[in-house]
Amino acid sequence: MQGLEPNMQVAIHAGAAFTDEGRLLRSLQANRDILTQDGVAFFGPRRYRQVFKPAFQALNTRPPLPDEIESIRDNLPIQPKVKRAIFTSEDFIGEKDVVLADGQFYPSAGKRLSVLEESFRDCQLELFLALRNPGSFVPKHLMSLPEQSREDVVRNNDLSHLSWVEMIKDVRDFAPGVQITLWCNEDIPLMWGDIVRSVGGLATDATIKGEYDLLISLLTEEGQSQAQAILDQVSTLSQAETRDILADILANHAQLDKMEEELELPGWSDEIIDAFSELYEQDLAGLETMAGVKVLKP
């Protein structure tokens, strides 16, 4: 590609499903000025559908062709000032019909990342992904499927041993040069700014518009007043102090109907959720020690 900056950084934000709902793209758009000043360009799901999806669909029958690799590569921005390109779509690691298949989450994620690693072979490639407790992720996914598809997934997969670790291991095996950054969907109200800064490659102290908008939206009117009072004096508080206070406000003034989610899958009991929660904590502990993987925390 003519004009490609050496050591271009490519950030792939891949969801996962039921963790983003377009929130990251909206934050990138709201912070366009600071991103542009820092040499960052970003692209939403339409670019995924136009460019990446055709090559990924071909993986079902054959390796990608050289012209498909070049087609992906040709979508890197070539403006002299752009040093980082962000592509965001929850379908990067798998469309809805393969979110759960072959006994694991996103079984095609590793092969897809290998295509991206080849396409962006002289770039710094990073994968950004939110994880979600399988105790809520699995029923939300199943209930999003048509009844026959849902029955097929349940019949053909052992749901009791689903782990995010296997998916991340696949990505590490197929695309060892990709750096992976993860976070827990359950933590995002307190750390949304860190996520945007990390995906954007911004400084850790960069000011992010709307950093705590999600947290405030979850609070009662009294909680919102208290939170806004804290944010108004943020210049006198450290980031850690601000978050500690906001965490207390969230714990005491959350709107429970916005914090607690009804899971509609018949037979999905509290005992099942508790068991998955324990496995989820074990997964996270293991991922924190995995080479090439970074886990963001509040």
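Residues numbered from 1 in each chain as written. Predicted model: local features only at pLDDT ≥ 70, side-chain atom pairs only at ≥ 80, totals over all residues. Heavy atoms only, no water.

Chemist: For this particular structure, what's the right way to read the packing of aromatic side chains?
Modeler: Two measures describe an aromatic ring pair: the distance that separates the ring centres and the angle between the ring planes. Counting across every chain of the model gives 15 aromatic pairs. When the centroid spacing of 6.2 Å and the interplanar angle of 40 degrees are considered together, the rings of Y48 and F56 count as tilted. For the pair Y48 and F56, a shared accessibility class is recorded, and that class is buried. Between F56 and F92, the ring centres sit 6.5 Å apart and the planes meet at 75 degrees, which makes this aromatic pair edge-to-face. Taken together, the residues span a long stretch of sequence, with F56 in helix α3 (residues 45-58) and F92 in the loop between β3 (84-88) and β4 (100-101) at a distance of 36 residues. Taking relative accessible area as the criterion, F92 reaches 1% and is therefore assigned buried. (Phe/Tyr/Trp six-rings, centres within 6.5 Å; stacked < 30°, edge-to-face > 60°. Buried < 20%, exposed > 50% of the residue type's maximum accessible area, 1.4 Å probe, protein only. Helix = DSSP H or I, 4+ residues; strand = E, 2+ residues; numbered from the N terminus.)

Chemist: How do you make sense of a negative patch on the surface when you look at a structure like this?
Modeler: On the surface, D257, E260, E262 and E264 cluster together to form a negatively charged patch. Summarising the element assignment, D257 is placed in helix α13 (residues 256-259). (Patch = residues over 30% accessible without salt bridge, like charges linked within 9 Å, V, L, I, M, F, W, Y side chains within 5 Å. Areas by Shrake-Rupley, 256 points an atom, 1.4 Å probe, with all protein chains shown as cover. Salt bridge = Lys/Arg side-chain N within 4 Å of Asp/Glu carboxyl O. Lys, Arg positive; Asp, Glu negative; His and termini not counted. Charge placed at Lys NZ, Arg CZ, Asp CG, Glu CD.)

Chemist: What's the story with the sheet that holds strand β1 (residues 9-13) in this structure? I'm lost.
Modeler: Through backbone hydrogen bonds, the strands of a sheet pair up, either in parallel or in antiparallel fashion. Read from one edge of the open sheet, six strands run β2-β3-β1-β6-β7-β8, paired in parallel fashion. Among the strands making up the open sheet, the edge pair consists of β2 (40-43) and β8 (293-295). Strand-to-strand twist across the sheet, computed as the mean angle between neighbouring axes with direction ignored, equals 20 degrees. (Pairing = 2+ DSSP bridges. Axes fitted to C-alpha atoms, helices over the stretch in contact; angles between N-to-C directions.)

Chemist: Would you mind showing me how to read the pairing of strand β6 (residues 124-131) here?
Modeler: Regular strands have side chains that alternate between both faces of the sheet. For β6, the buried fraction is high: seven of the eight residues fall into the buried class. Relative to strand β7 (residues 179-184), β6 runs parallel, the two being bridged by six bridges. Bridge pairing in β7 places L129 opposite L182.

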